[in-house]
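As a plain string of letters, each chain reads:
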Amino acid sequence: MTVNVSKSQFNLREKLKELERPSSDKLVQITDDGKVYIDKLGGIVNLSNIHRDIVDTAVDIFIYDTSKDSDGGAWRKRTTHTSWYNESLNTATRGSRKDFPAVAVIVTQNSTITIYDGDDPDLPMWMKWLPDNSARMLRDSASPKIAAMNGIIALNNTGTYGGLIAIYFISDTARSYRGIGSNNNTEGYWKGNIAGRNDYTSNNYSNNIGGSVLPTIVAENTTDVAMTVLPNSPIDSATGLPIPTIAVATAGGLSIIKDDGTIVDATPSSSAWYPTSVSTYGRNKFITGTGSGGAGGYILPVFDSDTSYNITSTPPSNGWLHFRSNGTNADIFLDLNENPTTTSLPITALSPIGAGSAKGMNIFDVNDNSHSDSLVAYVTSHYNTGWQHGDIEGAFLSDTDTTNVGSNLVNNGDFADTNLTNYFTLVNSDANGGDESESAPYVNGSNQVVMGNSAQLKTYYNLVAGTSYKVSYDCVNQSTSAQRLGIYIPSGQSLAFDASITAGATNTYYYTATTTGSTLIEWRSRGGGWGTYDNFSIIKAEEDRSVNNNPLHIFGPITKTPVATGAELVAYSGFSASNYLRQPFNANTMNHGTSSFCYVMWVNVSSSGTDSQTFVDRSSSNSGTGNPRIRIHKHTSGVVRFYTNGGSTTGPTNIENLGWTQIVCLRRGASTTELYINGKLDQTSNSTTNFTSTAGQIQIGADGDTTDPLTAGSIALVRVSNSAPSAEQVKKMYEDEKHLFVENAKCTLYGSSDAVTSLSYDEVTERLHIGTSSGRSDFQGLRRINNTSTAVTTAISAHDEFIVEQ
């Protein structure tokens, strides 16, 4: 475990005075070589080995800043009568200080809690609970997670005795919550005090209070805990503080222990939806995440009644927000480029503003008044989508790889070299010889390959795992409608592409590589007879990073360069009448119907070239000219024109030579169209067109018929939604995304790992700290402002620039 100070120079002396902490004569500094020192005014102490004082096998870490309690931590001065304040100091389970630290660093191991004194830069042990005995306060608290506020520390328990334990420092006691039907002798109130936390006592919790049995939580096996104080919470007469509301994730659902002592359960209809994590969300909500069988999680309000609720696989109607990886288009997705029909992703880490998985990070900005109009950004080690709004249908051009795209991996795919054996292994598995239908593949006089029944062309291609490729070929002629060309990717697996084809057709299949390296791909003639084929191609596709995962076709080479010197995000340029990006007809992306939609993009254009240069064009015919149509392009005098065949919106702002500029074009409701430039409304108009098609395309970098390409500019972060952001959301999208287009801007998870191991959101600095095996990435909004290179394996806790991690 390491303790990090995120500033190059942090004045602990002033911070300690501000929070009325001891040791105010100390100053922390970090030198250029990365060593941490404390200046004690009378000598220097090296903190580079501070981790030696903290166990290296933590399950959870929690920085408890008592100044955030309801009374600002004043309760610490009212505990001199307690057993723990007066117990013997300087022992194996008690440090040298009596009063509770203003900042406590709480670290849990299996069946153990250790509180470290965060007021002292040396982080000495303040208090410890001993493990592995059912007769002690913690009993057998395996893998405990921690929450703390108002003098209460709560921890879940996945061990033999299960349940939840709450430790009350002000009233000097503890409480155990068990699952329905559990042993009454192991739930209820601790019979001793906190000083006796490690004593061996039989029947140590009393369930029967005043002749009534205490309420139980929904299930014995618990996995996480969170606490919040609701507005107008009742005051606890024993502590003088508002009573927190506690949420505990269990294998039977979510139990919420209300501030009046009653317990309300949110019970899933299936074990696949059991929550494995829970965190606070604002003042009056919790956010939960499901495990390996689930599909996302919920942001749900604290219940106003004593009625338990049933969680189903559809968004409930009682004000909850459901985010998931295989839901409908009205949800925030937790998918990270997974197809929504595939197995859902378990949440590996959770915070109030986002969730992580094995595929990367999701950052949320939830619209509490209209959940379906929320924002989400997907961030991995190699892309950042920017904000996706509501019913997102496509998120393109969000890459950080500067490798130009559009190159065909197939050598001699046009068969200009008639000697096929220079490039392919030829196979005729039905080689009886004699005629076209039985012969091995050969090239005819028109430089097209002829393949008889069961003939094969095989070769190896270097593919990259997780990358999509467009595999295509032209069918020139065929002897029978049953004849077709099947593609095996990789060889030895089931047939990847085996569509019925007709002469004159181009056949396309998208394949996402599962492993990196040489992959054997077979082009295999099937169905009897013979066929004539041309233009074999395997081209890296340009990914759709939205949940829909519908990649763009690449026509001609496209240039990819950083948006600014040293920046990670790349810009796409080099467009022409033959070089552009296209998404073939897709009912979701193409069809906005008669309601709201939105197109978002960043462009950088000069004053050179023609007045009419296209950024994005959506048309309803494959030739690119059909109506209904949407075209967003540079117009006369460098202004932006948001064209629809039902009415156009042309703004007054000249964007030429303006540098990177965000354009947002939307229709709000059934008619009002709005054009925004850099977060500000530039012009409004009207269009009532019904944008519904049965064919068509979206093109980026050129209009549909390729007569007005973007020849003097670049484009990045293109997104399409069947919903419209509010003016406030457009402003936020601009303010957060503009930082990605400056020199040295970082926008991805540091390193090569996408798997998020832990999260912590610092509500004071509004920074999100994301842990992976490559290190910790610190995000302000959508920009990474700092990173470490030490693997984060278990947990991060951050508060007011004080970061503890393992």
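Coordinates for the structure precede this section.
As the structure is a prediction and not an experimental result, all values here were calculated from the model.

Undergrad: If you had to explain the pattern of salt bridges to someone new, which residues and values would you point to?
TA: A complete count under the given rule lists 23 salt bridges for this structure. For Glu 568, the salt bridge is made with Arg 784, and the minimal N-O distance between the two is 3.7 Å. In this pair, Glu 568 sits in the loop between strand 44 (559-562) and strand 45 (570-573) while Arg 784 sits in strand 60 (residues 783-787), placing the two residues 216 residues apart along the sequence. In this structure, Asp 778 and Arg 776 form a salt bridge, with 2.8 Å as the shortest nitrogen-oxygen distance. Given the relative accessible area of 1%, Asp 778 is considered buried. Among the ionic contacts, a cluster of salt bridges with common partners joins Arg 76, Arg 97, Asp 99, Asp 117 and Asp 119.

Undergrad: Give me the lowdown on the nonpolar core, citing residues and values where you can.
TA: If you look at the biggest cluster of nonpolar residues, it comprises 35 residues, and the most contacted ones within it are Met 601, Phe 615, Ile 632, Ile 663 and Ile 715. Among the elements that take part in this core, strand 47 (residues 597-605) stands out by supplying five residues, more than any other.

Undergrad: Provide a residue-level description of the packing of aromatic side chains, including the pertinent values.
TA: We describe a pair of aromatic rings using the distance from one ring centre to the other and the angle between the two ring planes. Per the stated rule, a full pass over the model turns up 22 aromatic pairs. A ring pair is formed by Phe 415 and Phe 536, whose centres lie 5.1 Å apart and whose planes are at 80°; its orientation type is edge-to-face. Residue Phe 415 is found in the loop between strand 33 (392-396) and strand 34 (425-428), and its partner Phe 536 is found in strand 42 (residues 530-540); the two are separated by 121 residues along the sequence. Judged by centre distance (5.0 Å) and plane angle (45°), the ring pair of Trp 660 and Phe 741 falls under tilted. With Trp 660 in the loop between strand 51 (649-650) and strand 52 (661-668) and Phe 741 in the loop between helix 4 (727-737) and strand 57 (758-762), the pair connects residues that are 81 residues apart, well separated along the chain. In this pair, the class of Trp 660 matches that of Phe 741, namely buried. An aromatic cluster is defined as three or more aromatic residues linked by ring pairs; in this entry it consists of Tyr 64, Trp 75, Trp 84, Tyr 85, Phe 100, Trp 126, Trp 129 and Phe 169. The ring of Trp 129 is capped by Arg 197, whose NZ or CZ atom sits 5.4 Å from the centre of that ring.

Undergrad: How would you explain the side chain of Ser 374 if you had to name every residue and give the values?
TA: Mapped onto the secondary structure, Ser 374 falls in the loop between strand 30 (360-365) and strand 31 (375-379). In this structure the side chain of Ser 374 is engaged in a polar contact, spanning 2.9 Å, whose partner is the backbone nitrogen of Asn 367.

Undergrad: I'd like to hear about the pairing of strand 11 (residues 152-156), residue by residue, with values.
TA: The buried fraction of strand 11 is high, at five of five residues. Side chains Ile 152, Ala 154 and Asn 156 project from strand 11 onto one buried face, and the interleaved Ile 153 and Leu 155 project onto a second face that is buried too. Linking strand 10 (residues 146-149) back to strand 11 in an antiparallel pair, the connection comprises two residues, with Asn 150 at a positive phi of about 50°. Relative to strand 12 (residues 164-168), strand 11 runs antiparallel, the two being bridged by five bridges. Across the sheet, the residue bridging to Ala 154 is Ala 166, located in strand 12.

Procedures and definitions
- Residues numbered from 1 in each chain as written.
- Predicted model: local features only at pLDDT ≥ 70, side-chain atom pairs only at ≥ 80, totals over all residues.
- Heavy atoms only, no water.
- Salt bridge = Lys/Arg side-chain N within 4 Å of Asp/Glu carboxyl O.
- Helix = DSSP H or I, 4+ residues; strand = E, 2+ residues; numbered from the N terminus.
- Buried < 20%, exposed > 50% of the residue type's maximum accessible area, 1.4 Å probe, protein only.
- Core = buried A, V, L, I, M, F, W, Y, C linked by side-chain atoms within 4.5 Å.
- Phe/Tyr/Trp six-rings, centres within 6.5 Å; stacked < 30°, edge-to-face > 60°.
- Lys NZ or Arg CZ within 6 Å of the ring centre and 35° of its normal.
- Polar contact = N/O pair within 3.5 Å; in protein donor to acceptor, adjacent residues only side chain to side chain.
- Pairing = 2+ DSSP bridges.

Spatial relationships are all this shows, so hold off on functional conclusions.
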